[in-house]
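# Structural description and commentary
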Amino acid sequence: MNLSEITAGLNQRQLESVTLDISHNSLILAGAGSGKTRVLTHRIAYLVTQKDIHTDAILAVTFTNKAALEMRERLGVLLRRPIQSMWVGTFHGLAHRLLRTHYDKANLSSAFQILDAQDQFRIVKRLMKENNIDEAKFPVRKIQWFINQQKDEGLRAQDIDAGYNYFIKKGIEVFSLYEAHCRANDLIDFAELLVRSYELLKNNPELLEHYQKRFKHILVDEFQDTNTVQYKWINLLFNNNNKVFCVGDDDQSIYGWRGAKIENITKLETDFSPIQTIRLEQNYRSTGNILAASNTLIANNSNRMGKSLWTSSGDGDLIDVYEARTERDEADYVVSTIQKIINDGSAANECAILYRSNAQSRVFEEVLIKYNIPYVIYGGLRFFERAEIKDALCYLRLMENSSDNVAFERVVNFPTRGIGNATIEKVREFARDNHTSLYQAAVQITPNLPTRAANALSGFTQLIEKMSDDAKHFELSEKVAYLLKESGLVNHYSNDKTDKAGSKKDNLEELIAAAKQYNHEDDSEMNEVVGFISLASLDSSGDTNAPANQNVQLMTIHSAKGLEFPYVFIGGMEEDLFPSRQSKDEPHLMDEERRLCYVGMTRAMKKLSLSYAIKRFLHGQSLYAYPSRFLDEIPSEYLNKIKQKFGATQKNYRDDDIFNQDIAPESSGQLSIGVTVKHAKFGYGSVLNFEGEGDSARIQIKFKTAGTKWLIASYANLEFV
DNA sequence: ACAATAGGGATTTTT
DNA sequence: TCCCTATTGT
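Just so it is clear, the structure is predicted and the values come from calculations on it, not from any experiment.

Rules and cut-offs
- Residues numbered from 1 in each chain as written.
- Chains lettered and ligands numbered in written order.
- Predicted model: local features only at pLDDT ≥ 70, side-chain atom pairs only at ≥ 80, totals over all residues.
- Heavy atoms only, no water.
- Near = heavy atom within 4 Å.
- Polar contact = N/O pair within 3.5 Å; in protein donor to acceptor, adjacent residues only side chain to side chain.
- Pairing = 2+ DSSP bridges.
- Helix = DSSP H or I, 4+ residues; strand = E, 2+ residues; numbered from the N terminus.
- Axes fitted to C-alpha atoms, helices over the stretch in contact; angles between N-to-C directions.
- Contact = heavy atoms within 4.5 Å.
- Nonpolar A, V, L, I, M, F, W, Y, C, P; charged D, E, K, R; others polar.
- Core = buried A, V, L, I, M, F, W, Y, C linked by side-chain atoms within 4.5 Å.
- Buried < 20%, exposed > 50% of the residue type's maximum accessible area, 1.4 Å probe, protein only.
- Phe/Tyr/Trp six-rings, centres within 6.5 Å; stacked < 30°, edge-to-face > 60°.
- Lys NZ or Arg CZ within 6 Å of the ring centre and 35° of its normal.

## Describing the protein's contact with DNA strand C
Close contacts around DNA strand C come from Lys-125, Glu-135, Arg-362, Phe-617, His-619 and Gly-620, and that covers them all. Here DNA strand C approaches the protein such that, of its atoms within 4 Å, sugar and phosphate make up 58%. Lys-125 is positioned with one of its side-chain polar atoms (N or O) 2.8 Å from a phosphate oxygen of DNA strand C. The backbone of His-619 places a nitrogen or oxygen atom 3.5 Å from a base oxygen of DNA strand C.

## Details of the sheet that holds strand S7 (residues 243-248)
Strands sit in the order S3-S2-S6-S7-S1-S8 across an open sheet of six strands; the sheet is parallel. Where the open sheet ends on each side, the last strands, each with one partner, are strand S3 (87-90) and strand S8 (275-280). Within this sheet the neighbouring strands show an average axis-to-axis angle of 10°, counted without direction. Sheet topology places strand S2 (residues 58-62) next to S3; four bridges connect them, and they run parallel. Residue pairing for S3: Thr-62 is matched across the bridge by Thr-90. The sheet strands contacting helix H5 (residues 91-101) are S2, S3 and strand S6 (217-220), and the helix crosses S3 at an angle near 120°.

## Re the protein's contact with DNA strand B
Near DNA strand B lie 27 residues; those nearest to it are Arg-258, Arg-356, Arg-382, Gly-420 and Thr-556. Within 4 Å of the protein, the contacting atoms of DNA strand B are drawn from sugar and phosphate to the extent of 51%. Separating a phosphate oxygen of DNA strand B from a side-chain N or O atom of Asn-65 is a distance of 2.9 Å. Between DNA strand B and Thr-416, the relevant distance is 3.2 Å, taken from a phosphate oxygen to a side-chain nitrogen or oxygen of the residue. Of the residues assigned to the surface near DNA strand B, the class counts are six nonpolar, 16 polar and five charged.

## Some points on the nonpolar core
Tyr-395, Phe-408 and Phe-460 are the most contacted members of the largest nonpolar core, which totals 50 residues. Each residue touching Phe-460, except ones within four places of it in the same chain, is listed here: Tyr-395, Leu-398, Phe-408, Val-411, Val-412, Arg-417 and Ile-419. Listed in part, the 43 residues of the second largest apolar core include Leu-27, Ile-188, Ile-234 and Cys-246.

## Observations concerning the pairing of S2
In terms of residue burial, S2 counts as a mostly covered element, since five of its five residues are buried. With burial as the criterion, each face of S2 is covered, one bearing Ile-58, Ala-60 and Thr-62 and the other bearing Leu-59 and Val-61. Pairing of S2 with S6 involves four bridges; the strand directions are parallel. By the bridge assignment for S6, Ala-60 is matched with Leu-219.

## Looking at the packing of aromatic side chains
Within this structure, the stated rule accounts for 21 aromatic pairs. Between the aromatic rings of Tyr-322 and Tyr-333, the centroid separation amounts to 4.0 Å while the plane-to-plane angle is 10°, which identifies the pairing as stacked. Within this pair, whereas Tyr-322 is found in strand S9 (residues 319-326), its partner Tyr-333 is found in helix H14 (residues 327-343), the two being separated by eleven residues in sequence. Overall, the relative accessible area of 3% leaves Tyr-333 in the buried class. Linked through ring pairs, Phe-138, Phe-146, Tyr-166 and Phe-167 together constitute an aromatic cluster. The residue whose ring lies beneath Arg-97 is Trp-87, and the NZ or CZ to ring-centre distance is 4.4 Å. Over the ring of Tyr-231 we find Lys-267; its NZ or CZ atom is 4.6 Å from the centre of that ring.

## As for the side chain of Asp-186
By the element assignment, Asp-186 lies in the loop between helix H8 (166-185) and strand S5 (187-189). In this structure Asp-186 touches Leu-108, Ser-109, Phe-112 and Gln-113, once residues within four positions along its chain are discounted.

Laid out in C-alpha cells, this is it:
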C-alpha cells in the first residue's frame, strides 16, 4: 500500500502529524473539529503500512466504547484487513482484558465480577449499615464518591492520611471495609479495573517487560481526560524503547470532577521528553463567528496551553442570544425556531438542544410534543443499567456461578416469592460465620427455618439449580430466553401496572436480541456467558435503540462532546445554572465550566443560539437569575441579542399568561446614578450605573453588604430612598 | 410481606 | 418538581 492512500485528504498539519518521526514521542494538540480521530487512525495505518509495524505491537486507547468502535471500523477500512486481535479499546476494556488473562497474578479467581456504580452503592450502603455508620452524617453517595476519588488517584485505604478531617476518617474506615468485602467476594469496580491492572504490571516485572516489549507504539486519544491511574498506567508501559502518540485538547477537559487531570497533558512534555508537539488549529466544523466567539470566551481561562482555532469558511450568521422570561418562554422560542428550520427544509436531526443539567430537558420535551416534532433525549438510564435488564443478568450470573453474592442479593426475592428481610439476614449471618456463599448458606440453613420461610427459600435455590441444569447446553440467547420465562420475570413485568407502555417487557425481549448479537470471538479470554455479562457492565449503552433518525437531539453538553450538529441551541445560560452554583467559588471549577461552554458552542456547524430565562422554575420554586457571565465574555459584535418573542408563537403558546401575572413592573422614574435604593434581599445600596429602558432596564447597584450587582429593574422591586 | 405515604435531596457521568 | 428511600399501615 502506498503512502498517498494513507495521506489522501489530510491537510498540511494533519499530514505532518500522521508522518511524524516514529522514533520520537508525539503530542498532538487538536482543537475542536480539527480532525483528531482522523489523525489518530491514519497514524496507526501509517505505522502499519509504511513502517512495517506489526498490528500486535500497537496499543491504542480511547475513553468511550463508541470511540474505540469507530476507530476499529475506520482502521479496518484503511488497512483492508481484519483487526480483531488488535489492542484497540477503552482504558477499562483493556485493563479488564489484562485481568482476565492474568487473573491469578492479580489475586483474582477466574470468575471475578465487575461492579457497576449501582452495585457499588448497594454494597457501600450495606457495609455502613452493618457497621452502624450514620447515613445522615455520612451520605452513602458522598462516601462512594470519596472511595472512587481515592482510587482514581491510585490510592488505597492504607495510603490515605486523614489528618483531622472527620469525614475523611470515616471515609477511610468504610473504604477499608469495602476493600475487604470486594477482595473476599472477587469484585472489581470500575476504578479497581485500572488500579488492579496497574498493580498487576507493577508487581510482576516479567509481565511488565513482556508488554513493554510488545507494545512498540502506544496511542492515546483524549489525553486531557486521563486521570492519575490512567496516566501512571501509560507511564508504566512506557520504557523509552517504545513510543507514545497522544492526542488531546486542554480546552475540552470537562471531566475534572471525575478525576481527570488536565495537567497530565502538560506532564507529557516532561515525563515523555523529548516529545514532538503539533497543534491542529484549522477547524472544519463551525463558521467564523462561532469560532471567534468561542476563542474569545476560552481566552478567559488561565493556564491554557494556548491554541486558537481558525477556519477558511466565512463568518456565517451571528450567534443569537435570546432573553426569555421563563424557562417555558425559552423552550417556546427554541422549539418554534426549530420548527422554522424544519419548514425551511432541514431535517429535525440537524438540530440539537444542549443544556447544563438533565433537569432542563423536561420543558423542551413538553414543547416539542406540543409542536409535534420528533425528538430523542440522550442520557438517563442506559440499556444495561435498567432494572429489568439487571434483574435478568443476575439470574444469568447465578446460573453460571451460584456463589455470586451480588446477584443473589438482588434477585433472591425478586419477583417476590415470600422471602423476607428476616430470612435473608439469617442467610447473610450464616454465610459470614461459615465463610461460604449466600447461595450455599441458603441451602444449608433451610432445614432449620420455620416451614414457611424454608419453603420459600428452597423454592429459590431449587429454581436456580433447575435453571442452570436445564440450560447447560443452550446457546447464550436461548439461555436468556429460558431464564426470562422460568424466573418469572416476564410474567412479573407483564402484570406490572406501572409499566403501561410495556417498555420493560420490550427491553427484556431486546436483551435476547443483544445476546444473539453478542460476538464472542473478541473476548476469547473468557467463556461466553462471562464475556456477555462483562460487556453489559463495561458497555452499558446496549446501542440497540435510539437512532438519531429524524429526531431533534436533546442532551447535556457533557454527552455532546465529540459530536457536531448544524443547528445548536444551548439553553439556561444563567448564573448559578451555567456556570453552576457549585463551581462559582473555585477558580479551577469555574474554568471547567467555561471549557464546558466552549465545548457546547463548538458543537455548532452553521448556527448557534444561546438563551437564558430571567425567571426559572427549578427544584419546585421560582428563581430569578442573571444572564451567564459567559454571555458577557463574548464580544457583542458576534451576537444578535433578541428580547422579543416570535410574533407567531406568541399567539399560540401563551395560553397560560404566567409571565405577567406575578411580575409587577416597577418604573418610578426617579432613577439616576448615585441614588440610594433598598432591595428586599440585598438591603441598601447606591446606583452605580444603568442601561436599557422599560421592562428590560438593568441597574448596577453597589450594596453595602451584598457587593455590586446588576439587577433587572422590573423584577428587582427596588425602593427608592 | 408488601403497598401506600411521607420526607429529603437535587450538576455534569466516557467506564 | 421529581425521584429515591424510609417508614407506616394492612
